Amino acid sequence: LLTAAIGLVLSAVGILIGLWIDWFPAQGSTQADDIDTLWDVLVICSVPIFVGVTAVVLFCAREFRQKPGEEHLDGPPIHGNTKLEVVWTAIPALMLVTLCGYAAVVLSNIEEAPASGQENRVAVTGEQFTWTFEYTGADGTKFSTNQLYVEQGKSVRFDVRSKDVIHDFWVPEWRMKIDAVPGITTNYRVTPTKTGIYPVVCAELCGLGHAFMRQSAHVLPPEKYAAWMQRMTERQTAGAAPAADGAGGQTASADGKAVFTQGVGATGATACGACHALADAGTSGATGPNLDEALAGQDAAAIKASIVDPNAKITDGFGEGIMPANYAETLTPAELDALVRYIADATKK
Ligand code: CUA
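Computed from a predicted structure; not experimentally measured. (Residues numbered from 1 in each chain as written. Predicted model: local features only at pLDDT ≥ 70, side-chain atom pairs only at ≥ 80, totals over all residues. Heavy atoms only, no water.)

K.L.:
Outline the overall build of the protein chain, supporting the account with residue identities and numerical values.
P.N.:
When its secondary structure is counted, the protein chain shows eight helices and 12 strands. Taken over C-alpha atoms, the radius of gyration comes to 29 Å for the protein chain, far larger than the 20 Å a tight globule of 349 residues would show. Counted over contacts in the protein chain with a minimum sequence separation of 6, partners at least 24 positions apart contribute 65%. Summing over all exposed atoms, the protein chain offers an accessible surface of approximately 19,900 Å²; the carbon and sulfur share of this is 63%. (Helix = DSSP H or I, 4+ residues; strand = E, 2+ residues; numbered from the N terminus. Rg over C-alpha atoms; globule rule 2.2 N^0.38 Å. Contact = heavy atoms within 4.5 Å. Areas by Shrake-Rupley, 256 points an atom, 1.4 Å probe, with all protein chains shown as cover.)

What follows is the structure in structure tokens.
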């Protein structure tokens, strides 16, 4: 009786701890509430079972242990109890089927497409050790970013791919999470409810840089999102047009030195100078090679190759993946060309 009482008290304490403590980050999507409620129900069902089974095991170990003088005794033969066995099979089976049904309903709710059929789409690509987000503007213009931008209150569908190993695309506040598997495209959708900046996390051990595979998700109100979309599309077409009509890719907007020292805020491309020292730019970053030494006398094509495929010249594996492999993708062609020209000039001196 005492054991049963202790078991009941522990169950109650367990459930309270499970439900009262705020284990999760704030809910940031319409999917989050369903998922958190499912968690609560599972806690309520599983804590008493765990505590109950443990209590019975401990009780039996104490009550029916072999006492001094019983070394040669054997217990009475037992022939089973059909009624009891039916009961302890039927109850868990019933619970399991019920929970499965409930979980299936939750799954179908959170995966459902919006009734209007209107939703944004973002192609997400994982690689060691960075995420790239690709958007298609209303006019079909494509552009990539290093930071995720989504619209508050509108469903967004992510098509998730991987270039190398298995990663996992996760924004904890949205609760949804899915593997990025090489060779196939996986997807999920969320409707973000809160504006702000949230972490994008890789949730699958994918190599030495796994822990650093973290970026940001920016949830913008609809008007700001539309303005951002417009700016990014214009930026892309403004950068690409001069190259297409043979003007040499030289545009007023692309300043190689500015990209080097400040990066590109719109896509989250970091400043080269944050990691690389270059005398002409006055930067002293020491994370990557000193470019006055590493690129001295190299021609524009070689410099461009080092930016487009930063890991190509690393032969000992040391430092691999530190410079984002998608760096060049977050620049417009004009910005990339301007950056290459600038570095070529600066390292020639
Ligand atoms: Cu990518 Cu862990």
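This is not the end of the story, as more comes after the structure.
K.L.:
Just give me the short version of the sheet that holds strand β10 (residues 214-220), but keep the residues and values in it.
P.N.:
In any sheet, the strands associate via hydrogen bonds between backbone groups, in a parallel or an antiparallel arrangement. Spatial strand order, β4-β10-β9-β6-β7: five strands in an open sheet with mixed pairing. Unpaired on one side and paired on the other, β4 (148-151) and β7 (177-180) mark the two borders of the sheet. Across this sheet, the average inter-strand angle for adjacent strands is 25 degrees, counted without regard to direction. Direction of pairing for strand β9 (residues 196-202) relative to β10: antiparallel, over a ladder of six bridges. Counted as the bridge partner of V200 is Q215 from β10. (Pairing = 2+ DSSP bridges. Axes fitted to C-alpha atoms, helices over the stretch in contact; angles between N-to-C directions.)

K.L.:
I'd love a proper account of helix α3 (residues 82-111), names of residues and values included.
P.N.:
Between its first and last C-alpha atoms α3 spans 43 Å; for 30 residues at 1.5 Å apiece the expected length is 44 Å, and the two agree. Taken as a whole, α3 has its buried residues at L99, V106 and I110. The inward-facing, buried residues of α3 contact α2 (32-63) and β8 (186-190). Regarding α3, its N-cap is N81, as a side-chain oxygen of that residue lies 3.2 Å from the backbone nitrogen of K83 further along. (Expected span 1.5 Å × (residues − 1). Buried < 20%, exposed > 50% of the residue type's maximum accessible area, 1.4 Å probe, protein only. Polar contact = N/O pair within 3.5 Å; in protein donor to acceptor, adjacent residues only side chain to side chain.)

K.L.:
Tell me about the sheet that holds β8, and name the residues and values.
P.N.:
If you walk across this open sheet you meet the five strands as β3-β2-β1-β5-β8, and the pairing is mixed. Looking along the sheet, the strands with just one partner apiece sit at the ends: β3 (142-145) and β8. Mean inter-strand twist for the sheet, computed between neighbouring axes without regard to direction, equals 25 degrees. Taken together, the seven bridges between strand β1 (residues 120-127) and strand β5 (residues 156-162) define a ladder with parallel strand orientation. Opposite R121, over in β5, you have R157 as the bridge partner.

K.L.:
Could you give an account of the packing of helix α7 (residues 300-308) against helix α8 (residues 333-348), naming the residues involved and the relevant values?
P.N.:
Running from N to C, α7 and α8 point in directions that differ by 120 degrees, and their axes come no closer than 9 Å. Judged by the inter-axis angle, α7 sits oblique to α8. Between α7 and α8 lies a crossing of right-handed hand. Residues A300, I303, K304, I307 and V308 of α7 pack against L336, D337, L339, V340, I343, A344 and T347 of α8. (Parallel < 35°, antiparallel > 145°, perpendicular 65-115°, else oblique. Left-handed = near helix turned anticlockwise from the far one by under 90°.)

K.L.:
Give a description of the nonpolar core that names residues and reports values.
P.N.:
Counting residues in each nonpolar core, the largest one holds 57 residues, and the members touching the most others are Y135, L148, F158 and F169. In terms of residue count, the dominant contributor to this core is α8 (seven residues). Dropping the residues within four chain positions of it, L148 is found in contact with V122, F133, Y135, F158, F169, W174, V200, S216, A217 and H218. (Core = buried A, V, L, I, M, F, W, Y, C linked by side-chain atoms within 4.5 Å.)

K.L.:
Give me α2: which residues, what numbers.
P.N.:
Given 3.6 residues per turn, any residue in an α-helix points the same way as the ones three and four places further on. Given a rise of 1.5 Å per residue, 32 residues ought to cover 46 Å, and the 46 Å separating the end C-alpha atoms of α2 matches this to within 8%. Every buried residue belonging to α2 is among A32, D36, L38, V43, V47, V51 and A55, and all of these are buried.

K.L.:
Talk me through the pairing of β7; I want residue IDs and the actual numbers.
P.N.:
With four bridges joining them, strand β6 (residues 167-170) and β7 adopt antiparallel strand pairing. Residue pairing across strands places F169 opposite I178, the latter belonging to β7. Here β6 hands over to β7 after six residues, with R175 in that stretch at a positive phi of 75 degrees.

K.L.:
Tell me about the side chain of R189, residues and numbers included.
P.N.:
Following the sequence through the fold, R189 ends up in strand β8. At 2.8 Å, the side chain of R189 and the backbone oxygen of E111 are in polar contact. Apart from residues no more than four positions distant in its own chain, R189 is found in contact with Q31, I110, E111, E112, A113, P114, E119, S155, V156, R157 and M176.

K.L.:
Which residues make up the packing of α2 against α3, and what are the values?
P.N.:
Following both chains from N to C, one finds α2 and α3 inclined at 165 degrees, their axes separated by 10 Å at the closest point. Between α2 and α3, the interaxial angle falls into the category roughly antiparallel. Seen from above, α2 lies across α3 with left-handed handedness. Contacts from D34, I35, T37, L38, V41, L42, C45 and I49 of α2 reach α3 at M95, L99, Y102, A103, V106, N109 and I110. Its residues placed into classes, the contact of α2 with α3 shows 12 nonpolar, two polar and one charged. (Nonpolar A, V, L, I, M, F, W, Y, C, P; charged D, E, K, R; others polar.)

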